[in-house]
2 protein chains.
Amino acid sequence: MTMDQGEPGNAGRRQFLQSAVAAGVGGYLMSQSAGAQTAPKPIPPGTLGAAGAGPDRPKIAMLVHPKMVMQDLIGPMTVFNLMRCEIHLVWKTREPVMTELGITVAPTTTFAECPEVVDVLFVPGGLDGTIALMDDAEVLKFLADRGKTARYITSDCTGSLLLGAAGLLQGYKATSHWMVRDELALMGAIPVHDRVVQDRNRITGGGVTAGIDFGLTLAALLRSREEAETIQLVIEYAPAPPFDAGTPETAPKAIVDRLMSRRGPTVEQARQKAQRAGRALKR
Amino acid sequence: MTMDQGEPGNAGRRQFLQSAVAAGVGGYLMSQSAGAQTAPKPIPPGTLGAAGAGPDRPKIAMLVHPKMVMQDLIGPMTVFNLMRCEIHLVWKTREPVMTELGITVAPTTTFAECPEVVDVLFVPGGLDGTIALMDDAEVLKFLADRGKTARYITSDCTGSLLLGAAGLLQGYKATSHWMVRDELALMGAIPVHDRVVQDRNRITGGGVTAGIDFGLTLAALLRSREEAETIQLVIEYAPAPPFDAGTPETAPKAIVDRLMSRRGPTVEQARQKAQRAGRALKR
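This part is about the side chain of R57(A). Residues and elements named next belong to chain A. Its location among the elements puts R57 in the loop between α1 (10-25) and β1 (59-63). Notably, R57 is buried but unbridged: the nearest opposite-charge side chain belongs to E86, and the N-O separation is 4.4 Å. From its side chain, R57 meets the backbone oxygen of R84 in a polar contact 3.0 Å long. A polar contact of 3.4 Å, which involves the side chain of R57, links it to the backbone oxygen of C85.

Structure representation (structure tokens):
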């Protein structure tokens, strides 16, 4: 876990201030809900997301955590940003967290500062990073608490391991990265092999890149199919993978086997932590 | 354009140092080229990318710029990181640049510090941000210079507008975000409507999300199809868009028309700058 040792708090706050400024001016291929001519509105303190919001501005709490996989956050966040959502990047402190890419992300909002009721609670993945938090009382308490009132409880990739450990998936169908999907059952969830799985107000995405499909799915639920399609057109989401190796079912067996043997120990870690979390939930 | 006014240089450098540290420990679903047990190697100063690289470690120079669209950078960078590439986030200075999401990215390498010869020169998009740089002499000079020796000259989304303005696409087939693809012709390129377009050593991706398809295409060229397929499996890239609105050809006409009328003035700006750039290239 990396922090801005130099000056606790300040870097995060300074970056958050820059963010608020830029969010007001960050011109970009526009979403349906704002026009190029719209004068940017001020951003509520502690939030990101482009300005010029309409009356309906969903509150999104996105957990950020050390070793988070950047794509897990950015895929859905790109969609939420185009929807002019009120986006909170939430963590224990405002200290920047280091992602797997070596790029830091500054939280905008601490657990304590996060709105009591959010429209969307979202947890990104990153296998090692999420495993490390599966028994972090402070993180699980925050997720369980906001999960009581959130309109949608969501995740991408291995983020569902944290939702599960927080007791938010018991009796719900859910998915995760293919490597650890089955471990969800140890925490009372019903693992489903699908790109995006919705069961009542729980919506979970598959591995890493599924976050884009998840984001567009949620955009249609929060706003409208028309807005989701507008965003899909803006981000030109007409994927054309050069190969067909995106799932263990379609990838060459030798590649799947090599990957599993390399990550076997980590997957076993996830299994053991899921087992402990499952036991704790039964108490 | 936003900078860390607080203390020029320091924030960027500090963040870069954190990055180098984390890059060495950023455990994640592993790529083929490194095993979970591999002891992380130190990262060369001024670079990102996970450690534990094999002998063949491609040098990638990725331009970062204000109002850059984060997904344009993160899609390909996620792939390059799993390939254990030596990744340089290059800009005029080390001051963090603000992306459209309100998240800042700290350059790791200035134009002056960038290796003379790179394997890949990459430019991400962000319509307003790239238009603003189409007549920025310092940026165009850097791109034209490294473009002389780069093994591959590449872009995602509207990044190709900058490659074009730098004179790197004259006589080459290329693509861009669908809104401005045709403007490439004004700078001597041959616009092609495809997800990823390769013409000799020029490889350009379509809008925003095409960066993932581009990254996997390049991974196969730089390493092997097997490595590209391994990465595709790691990031579970088996896309399943909930709607079919990813291109103007498939999206509802009303949505395309509304978007074009909203962004019309900006697209016109791009056309005029492309025209001027084209004239300058003829001199």
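Our next topic: the side chain of T109(B). Residue and element names in this part refer to chain B. Topologically, T109 is positioned in strand β5 (residues 109-110). Using a relative accessible area of 2% as the deciding quantity, one classes T109 as buried. Within polar-contact distance, the side chain of T109 engages the side chain of H88 at 2.9 Å. Within polar-contact distance, the side chain of T109 engages the side chain of T108 at 2.9 Å.

Sheet architecture is open: seven strands sit in the order β5-β2-β1-β6-β7-β11-β10 (chain B), paired in mixed fashion. The outermost strands of the open sheet, each flanked by one partner alone, are β5 and β10 (196-199) of chain B.

Here the focus is unusual backbone geometry. Residues other than glycine seldom take positive phi values, yet C157(A) does so here, at roughly 55°. By the element assignment, C157(A) lies in the loop between β7 (152-155) and α5 (159-165). On the accessibility criterion, C157(A) (0% relative accessible area) is buried. Of note in the backbone geometry, E236(B) takes a positive phi value of approximately 40° without being a glycine. Tracing the chain through its elements places E236(B) in the loop between α7 (225-234) and α8 (253-282). A relative accessible area of 5% means that E236(B) is categorised as buried.

A word on the pattern of salt bridges. All names here are of chain A. The tally for this structure, following the rule as stated, stands at 32 salt bridges over all chains. Across the pair K92 and D136 runs a salt bridge whose closest N-O atoms are separated by 2.6 Å. With K92 in the loop between β2 (86-91) and β3 (97-98) and D136 in the loop between α3 (127-133) and α4 (137-149), this pair connects stretches of sequence that are 44 residues apart. The partly exposed category is assigned to K92, whose relative accessible area is 25%. Here R151 ties to D119 by a salt bridge, and the two come within 3.6 Å at their closest N and O atoms. Residue R151 is located in the loop between α4 and β7, and its partner D119 is located in the loop between β5 (109-110) and β6 (120-123); the two are separated by 32 residues in the primary sequence.

The next subject is the sheet that holds strand β11 (residues 202-205) of chain A. Residues and elements named next belong to chain A. Spatial ordering of the open sheet is given by β5-β2-β1-β6-β7-β11-β10, a layout of seven strands whose pairing is mixed. Strands at the two margins of the open sheet, each flanked by one partner only, are β5 and β10 (196-199). Two strands pair when backbone bridges link them, and β2 and β5 are joined in this way by two bridges, in the parallel orientation. In the strand pairing of β5, W91 is matched with T110. Where α4 meets the sheet, its contacts fall on β1, β2, β6 and β7, and the angle it forms with β6 comes to roughly 150°. Running over the sheet, helix α6 (residues 210-222) touches β1, β6, β7, β10 and β11 and is turned about 165° from β7.

As enumerated under the stated definition, the model contains eight aromatic pairs over all chains in all. Centre to centre, the rings of W91(A) and F111(A) are 6.0 Å apart; their planes meet at 80°, and the pair counts as edge-to-face. Residue W91(A) is located in strand β2, and its partner F111(A) is located in the loop between β5 and β6; the two are separated by 20 residues in the primary sequence. With a centroid separation of 5.5 Å and an interplanar angle of 20°, the aromatic rings of F122(B) and F214(B) are classed as stacked. Of this pair, F122(B) sits in strand β6 (residues 120-123) while F214(B) is found in helix α6 (residues 210-222), placing the two residues 92 residues apart along the sequence. F214(B) shares its class with F122(B); the two are buried. Members of the aromatic cluster, each reached through a chain of ring pairs, are F80(A), F122(A) and F214(A). The ring of Y172(A) carries R202(A) above its face, with NZ or CZ at 4.0 Å from the centroid.

Take the confidence of the model for chain A next. Residues and elements named next belong to chain A. Residues of chain A with pLDDT of at least 70 account for 81%, and the chain-wide mean is 85. The low-confidence segment residues 1-45 (pLDDT under 50) makes 117 contacts with residues lying over four places distant or belonging to another chain. Low pLDDT, under 50, characterises residues 50-54; the stretch is placed with 20 contacts to residues that sit more than four places away or in other chains. Both scores are available for the predicted complex, with the pTM at 0.85 and the ipTM at 0.85.

So, on to a positive patch on the surface. On the surface, a cluster of positive charge is made up of R276(A), R279(A), K282(A) and R283(A). Among the structural elements, R279(A) can be located in helix α8 (residues 253-282).

So, about the nonpolar core. Residues L73(A) and L73(B) are the most contacted members of the largest nonpolar core, which totals 164 residues. The residues contacting L73(A), other than those within four sequence positions of it, are M62(A), V64(A), M68(A), L89(A), V105(A), F122(A), P124(A) and I103(B).

Okay, α7(B) next. Along α7(B), eight of the ten residues are buried, which leaves the element largely enclosed by surrounding structure. Residues of α7(B) that are buried sit in contact with α8 of chain A together with α2 (70-82) and α6 of chain B. Following α7(B) by one or two positions, E236(B) adopts a phi angle in the positive range, close to 40°.

Turning our eyes to something else, we now look at α8(A). The end-to-end C-alpha separation of α8(A) is 38 Å, well short of the 44 Å expected for 30 residues at 1.5 Å each. Along α8(A), the largest kink reaches about 60° and is centred on G264(A); proline P265(A) follows within four residues of it. Every buried residue of α8(A) is listed here: I255(A), V256(A), L259(A), R263(A), T266(A), V267(A), A270(A), K273(A), A274(A), A277(A) and G278(A). Next to the buried residues of α8(A) lie α3 and α5 of chain A together with α7 of chain B.

Reading guide: rules and limits
- Residues numbered from 1 in each chain as written.
- Chains lettered and ligands numbered in written order.
- Predicted model: local features only at pLDDT ≥ 70, side-chain atom pairs only at ≥ 80, totals over all residues.
- Heavy atoms only, no water.
- Helix = DSSP H or I, 4+ residues; strand = E, 2+ residues; numbered from the N terminus.
- Buried < 20%, exposed > 50% of the residue type's maximum accessible area, 1.4 Å probe, protein only.
- Lys, Arg positive; Asp, Glu negative; His and termini not counted.
- Salt bridge = Lys/Arg side-chain N within 4 Å of Asp/Glu carboxyl O.
- Polar contact = N/O pair within 3.5 Å; in protein donor to acceptor, adjacent residues only side chain to side chain.
- Pairing = 2+ DSSP bridges.
- Contact = heavy atoms within 4.5 Å.
- Axes fitted to C-alpha atoms, helices over the stretch in contact; angles between N-to-C directions.
- Phe/Tyr/Trp six-rings, centres within 6.5 Å; stacked < 30°, edge-to-face > 60°.
- Lys NZ or Arg CZ within 6 Å of the ring centre and 35° of its normal.
- pLDDT = per-residue confidence, 0-100.
- Patch = residues over 30% accessible without salt bridge, like charges linked within 9 Å, V, L, I, M, F, W, Y side chains within 5 Å.
- Areas by Shrake-Rupley, 256 points an atom, 1.4 Å probe, with all protein chains shown as cover.
- Charge placed at Lys NZ, Arg CZ, Asp CG, Glu CD.
- Core = buried A, V, L, I, M, F, W, Y, C linked by side-chain atoms within 4.5 Å.
- Expected span 1.5 Å × (residues − 1).
- Bend = angle between axes of the 7 residues up to and from the residue.

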